[in-house]
Amino acid sequence: MRTISGQLLLPAGGQRCETRPGRISIEDGVIREVEPFSNASEIDATGRDTLLCPGFIDAHLHLPQFDSIGAAGMPLLPWLNQVIFPAEMRWNQIDDAESMIRRVIQQCLAAGTTGICAFSTVSHEATLAALQAFQAKGFRGVIGQALMDCGAPDALLRETNELIDNLETTLDQFPPSGRLATAVTPRYILSCSAELLSAAGKLAKSRGAIMQTHLAENVDECAAVEAVHGNYVDSYAQHDLLSERAIFAHGIHLDEADRAKLADTRSMIAHCPTANQFLSSGTMNRHQHLKSKMRLVLGSDIGAGFERSMVRVGRAMIQAAMRIDEDAGDELREVPTAPHAWYQITAGNAETLGWTDVGVLREGASADLLVIKPDVPWREGTCPLSTLMWSWDDRWLTETILRGETVFRGRNEA
Ligand code: GUN
Ligand code: FE
């Protein structure tokens, strides 16, 4: 049994978090007890300024793109062709993929990310290697082989039937019920034939798997989709891809009818504010989406996104909401607070994804947690979560714990 005391990050209702002094006990990888204190003076001396926080959940990222962060900001389609597809081809060499997977795991842990919804490349072998490595380390989440049978260089395309076989094998080896599971991952409509999308929809449904893809990120992309397939949302719906287990990354350029279809099917939009900024894709109107009753998760979208830290992505979510044209009027503009953003990157993402075992410090949850020692004092009368979010420094993270085991120790750890 291990006991740690400090300021606990806890849900406070209204999709917000608050901090409360307290203590958690961990045994056999699980949180056994969460005991709030009535007074901060009960925290032991070493934990006085410590924040104890559930591990962060990144609901959309690309494992093979970590080395491409910041590479040549240009619009989505040329960026994919000139930057990303060449980078993803490197994963056709399994040694290159495996060495990068090891580095990506370290970078996730050093940023406090313990839960992921991740894309691999089209390579089946590299995808299995990623699933094995993330599972061995104890991560929570899903990883999917990027399904691509058209619309990209030959080295990144596979036969439709081969991809469907690969997906079935992966679903058998890493079933959706697992702590780390396979996600059905048609990259986006421009890289998938109708036959492939249909098979993806069927398998996602019959296996109860998370389905992840991209939607309405960039105006040129939307025009290209519209020209060939008609309405973007409808063309996914035709293949039965809209569901409460479906994650559509971006979803910036949507009209009211699109929003209604996504809301009615309880589909999720992965809001990726840093990526939207880097590729100048537009600013997603979070408030408008929420008013349409759409379900949102938050993702770094590395490598279009440039921040590994979900705290910084949470901050970017606030900044994106601040940028929404003030002419839109208050009805379409509401800026989330830091306590909302802390909730989103922990309990909010977990709850929307249906992951009941992580995201919240509560009895019986997996002990996936972070020990954070900020070098700003904990002052009464200010909102500590606002101070911590806006002055965030990754070096404050002293320990990342997965299933009760310390898997990363920061430099500041004594
Ligand atoms: N759309 C299709 N593939 C991608 C990708 O890798 N990144 C982003 N941001 N959008 C995409
Ligand atoms: Fe993406």
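Refer to the preceding data block for the structure.
About the cut-offs
Residues numbered from 1 in each chain as written. Chains lettered and ligands numbered in written order. Predicted model: local features only at pLDDT ≥ 70, side-chain atom pairs only at ≥ 80, totals over all residues. Heavy atoms only, no water. Helix = DSSP H or I, 4+ residues; strand = E, 2+ residues; numbered from the N terminus. Rg over C-alpha atoms; globule rule 2.2 N^0.38 Å. Buried < 20%, exposed > 50% of the residue type's maximum accessible area, 1.4 Å probe, protein only. Contact = heavy atoms within 4.5 Å. Areas by Shrake-Rupley, 256 points an atom, 1.4 Å probe, with all protein chains shown as cover. Lys, Arg positive; Asp, Glu negative; His and termini not counted. Charge placed at Lys NZ, Arg CZ, Asp CG, Glu CD. Pairing = 2+ DSSP bridges. Axes fitted to C-alpha atoms, helices over the stretch in contact; angles between N-to-C directions. Left-handed = near helix turned anticlockwise from the far one by under 90°. Nonpolar A, V, L, I, M, F, W, Y, C, P; charged D, E, K, R; others polar. 1 Å grid on protein atoms, 1.4 Å probe; cavity = no way out; pocket = protein on both sides within 12 Å on 5 of 7 lines; lining within 4 Å. Points joined across faces, edges and corners; volume = space filled by probe spheres on them.

**So, the overall build of the protein chain**
Check the secondary structure of the protein chain and you find 13 helices and 15 strands. Taking 22 Å as the expected radius of gyration for a compact globule of 414 residues, we find that the protein chain reaches 21 Å, a close match to that expectation. Taken over the C-alpha atoms alone, the protein chain extends approximately 65 × 50 × 40 Å along its principal axes. Counting the 414 residues in the protein chain, one finds 58% classified as buried. A fraction of 74% describes how many contacts in the protein chain between residues 6 or more apart in sequence connect residues 24 or more apart. A total of about 16,000 Å² of accessible surface is found on the protein chain, and carbon and sulfur atoms cover 45% of it. If you average the places of the 37 positive and of the 53 negative side-chain charges in the protein chain, the two averages end up 5 Å apart.

**Focus on the sheet that holds strand β13 (residues 369–372)**
Spatially, the 7 strands line up as an open sheet ordered β3-β2-β1-β4-β13-β14-β15, and their pairing is mixed. Edge positions in the sheet fall to β3 (30–36) and β15 (405–409), since each has one partner strand and no second. Here the average twist between neighbouring strands, direction ignored, is 35°. The strands touched by helix α2 (residues 94–111) within the sheet are β14 (397–402) and β15, with β14 carrying the most contacts at an inclination of about 115°.

**Observations concerning the pairing of strand β5 (residues 56–62)**
For β5, the buried fraction is high: 7 of the 7 residues fall into the buried class. Across 5 bridges, β5 lies against strand β6 (residues 113–119) in parallel orientation. Bridge assignment links isoleucine 57 to a residue of β6, and that residue is glycine 115.

**Considering the sheet that holds β5**
Pairing is parallel across the open sheet formed by 4 strands, whose spatial order is β5-β6-β7-β8. Every interior strand has two partners, whereas the edge strands, β5 and β8 (180–182), have only one. Averaged over all neighbouring strand pairs, the angle between strand axes comes to 20°, with direction disregarded. Seen against the sheet, helix α12 (residues 338–353) touches β5 and β6 and runs at an angle of roughly 75° to β5.

**Examining the packing of α2 against helix α3 (residues 124–137)**
Packing of α2 against α3 leaves a shortest axis separation of 10 Å and a crossing angle of 35°. By crossing handedness, the relation of α2 to α3 is classed as right-handed. In this structure, α2 contributes Ile94, Ala97, Glu98, Ile101, Val104, Ile105, Gln106 and Leu109 to the contact, and α3 contributes Glu125, Ala126, Ala129, Ala130, Ala133, Phe134 and Lys137. Classifying every residue of the contact of α2 with α3 by side-chain character gives 11 nonpolar, 1 polar and 3 charged.

**Describing the layout of surface pockets**
Computed from the structure, the largest pocket encloses a volume of approximately 450 Å³. Forming the boundary of the largest pocket are 17 residues, of which Gln15, Arg286, Leu290, Leu296 and Gln344 lie nearest the centre. Where the lining of the largest pocket is concerned, the elements lending two or more residues are α10 (286–291), β12 (295–298) and α12. Ranked by residues supplied to the lining of the largest pocket, first place goes to α12 with 6 residues. Class assignment of the residues belonging to the lining of the largest pocket gives a composition of 6 nonpolar, 6 polar and 5 charged.

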